Amino acid sequence: MIGFVTVLPSSPDIMGEEVKTTSLEVPMSGGKYGSFGEEASTLKEAGIRASELKISIESSDLALRPVLYTPISTRVFSSVTAGSLRGSILTLTSSALGAGVLSLPLVMMKTGIVLGGILCLIGGALALGSLNMLMDAAEMSRKGESTEGPKCTYAGLVRKVLGPTPSLILKITLFTYAIGTMVGYFLIISKSVVDVSIALSLPTPPPMAAPLVAAGVSIFPSLMKDISSLHITSGLSVASTLFVCLSIIFRALTPFPGPPPSPLPPTQEGGGGLAWVKWGDTWRSAGLIFFAYSCHVNLLSIYSSLYYPLATRMKKVTFRSVVLLGCIYASVGTSGYTLFRQETAGNILENFPPSDKLMTICKTCIAISLTANLPLYLHPARESLYALFPWLTRVPSSLELLTHIVVTCCLMTLVLWLAVSIPEVSVVFSFLGATCCVIMSYVFPIALYVHLLSPSVPSQQDGENKTTGDKLKMSTLTRIKATKAALILLLCLVIGVGVMSVVGTAETLMKIKKASRPRV
């Protein structure tokens, strides 16, 4: 059998110049082959070690990648391994798919089915664009360096390109995001345990009993300095979330068990029918959409672990992941809203009655998986705190363990206190989406891309007319300036939406606080 290996750039040329490719004909043995591991690589079958391959043509970093003729059955039914295309898609999807999906039916209720679907589409498009910009920024920052794939982290890339001050801002943002997500998790755990207790005819626990138990269970794995052994909790969380999503869609397509949920009468505000377009609470809904698509922090680590880490392959991963997330979000949001109409809660699971056994199982799964996921957020929060206050890591060795325990317990106590103070989980996710997610998902990717997209202006040659090449470069420079101006305008628009979402979330929180006060 004869296979072909295509030589192609590992990163796009930002100047838009012609990209040259070369094909090498190599002998191959029969059997299955594809991008599922080094042992299946056509490079190895040809006697070539990709890690030792160094090729340079006209100062362009190149990499060898086999042109794979893999049967469809092999792609669909073969095992999904870390670093494969499908494995990377699932990993990136799982980093965004979390408890935030439970608030998306509220988005549909606040904006209507049509406008809510448009918001999901716009959010997905913005997320895809910013993911690709972040990836391209990592590639452009590595120009002339090793061709073995991006090794830097998000924070490392920001520090390298933008400097220490933006890196400090990103660390504060990551700390806030991790703490806020844990607060939302505790609120969901508390309500889920109360509902499960009612469904099983058990004594109803106090509201903070379940969060205290969850904190006690998760504090021990949270003390681990290296939590790589807890990777199984990520799979547990994704499986539980997908099960809940499919159950909500199933409930919308099948007869409701027992007495159906009763929407508000048509005479009241909002009516009992489905709304298609509503503009009243669009800004707060935008914050929830931003939160739902936030997966940018893990992008570079997934990119570096990808087999044949090329920009074209990784862009397939980002596109397919965003499309998958958009389909899930639109389906769950529409299904939850059609079930409960104007009674849709910030956490859709709160709408289902205790008599619904399927949803009782869902609430149990969510409570367990979120408890298992707490260390995965407390760990980066603690690491960000150490980065912000380095003196915490310079204590004597005899006090190192004690300091580590005290810092971990203080962070957990802070999260529990915030969970007591905030009454609604959608308020938490909306605030995080309008602040932290806007900064992590849009501000820094666009800032990195604009900063690196700054080629030098071609010089005049002794008063002579510009050559055709100079004219092409000037044309390219004009396009780049227009691109930068458009990105800066987009960034201002996203920040404006984020500010409006913060204001809307604050107004909602004040209304909830006012309604909860006892009347004199």
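Scroll up to find the structure.
The paragraphs below set out a description of the structure included in this document.

Parameters and conventions
- Residues numbered from 1 in each chain as written.
- Predicted model: local features only at pLDDT ≥ 70, side-chain atom pairs only at ≥ 80, totals over all residues.
- Heavy atoms only, no water.
- Phe/Tyr/Trp six-rings, centres within 6.5 Å; stacked < 30°, edge-to-face > 60°.
- Helix = DSSP H or I, 4+ residues; strand = E, 2+ residues; numbered from the N terminus.
- Buried < 20%, exposed > 50% of the residue type's maximum accessible area, 1.4 Å probe, protein only.
- 1 Å grid on protein atoms, 1.4 Å probe; cavity = no way out; pocket = protein on both sides within 12 Å on 5 of 7 lines; lining within 4 Å.
- Points joined across faces, edges and corners; volume = space filled by probe spheres on them.
- Nonpolar A, V, L, I, M, F, W, Y, C, P; charged D, E, K, R; others polar.
- Axes fitted to C-alpha atoms, helices over the stretch in contact; angles between N-to-C directions.
- Parallel < 35°, antiparallel > 145°, perpendicular 65-115°, else oblique.
- Left-handed = near helix turned anticlockwise from the far one by under 90°.
- Salt bridge = Lys/Arg side-chain N within 4 Å of Asp/Glu carboxyl O.
- Contact = heavy atoms within 4.5 Å.

**Describing the packing of aromatic side chains**
Now for step 1: In the structure shown here, the tally under the stated rule is six aromatic pairs.
Now for step 2: Here Tyr 177 and Phe 291 contribute two aromatic rings whose centre-to-centre distance is 6.0 Å and whose plane-to-plane angle is 45°, an arrangement assigned as tilted. Remark: Phe 291 occurs in helix α10 (residues 282-292) and Tyr 177 occurs in helix α7 (residues 164-199); sequence separation between them is 114 residues.
Now for step 3: Residue class for Tyr 177 comes out buried when judged on its relative accessible area of 12%.
Now for step 4: Three or more aromatic residues joined by ring pairs form one cluster here, namely Tyr 177, Phe 291 and Phe 429.

**Some points on empty space enclosed by the protein**
Now for step 1: For the coordinates displayed, the defined rule picks out one cavity of 30 Å³ or more.
Now for step 2: There is about 30 Å³ of room inside the largest cavity.
Now for step 3: In this structure, the largest cavity is lined by Gly 98, Ala 99, Ser 237, Thr 241, Ile 366, Ser 369 and Leu 370.
Now for step 4: It is helix α13 (residues 357-388) that contributes the most residues to the lining of the largest cavity, three residues altogether.
Now for step 5: In terms of residue class, the lining of the largest cavity is made up of three nonpolar, four polar and no charged.

**A word on the packing of α7 against α13**
Now for step 1: Two elements in contact, α7 and α13, have axes whose closest approach is 8 Å; the angle formed by their N-to-C orientations is 160°. Judged by the inter-axis angle, α7 sits roughly antiparallel to α13. You can see that α7 and α13 cross each other, and the crossing is left-handed.
Now for step 2: Classifying every residue of the contact of α7 with α13 by side-chain character gives 25 nonpolar, seven polar and three charged.

**Examining the pattern of salt bridges**
Now for step 1: All told, the structure shown has four salt bridges when counted by the stated rule.
Now for step 2: Residue Lys 191 pairs with Asp 195 through a salt bridge whose shortest N-O separation is 3.8 Å. Highlighted residues: Lys 191 and Asp 195, both in helix α7, separated by four residues, approximately one helical turn.
Now for step 3: The class of Lys 191 is partly exposed, set by a relative accessible area of 32%.

**Some details on the side chain of Ser 103**
Now for step 1: With respect to the helices and strands, Ser 103 occurs in the loop between α3 (85-96) and α4 (104-111).
Now for step 2: Residues in contact with Ser 103, not counting those within four places in the same chain, are Leu 288, Gly 346, Ser 426 and Phe 429.

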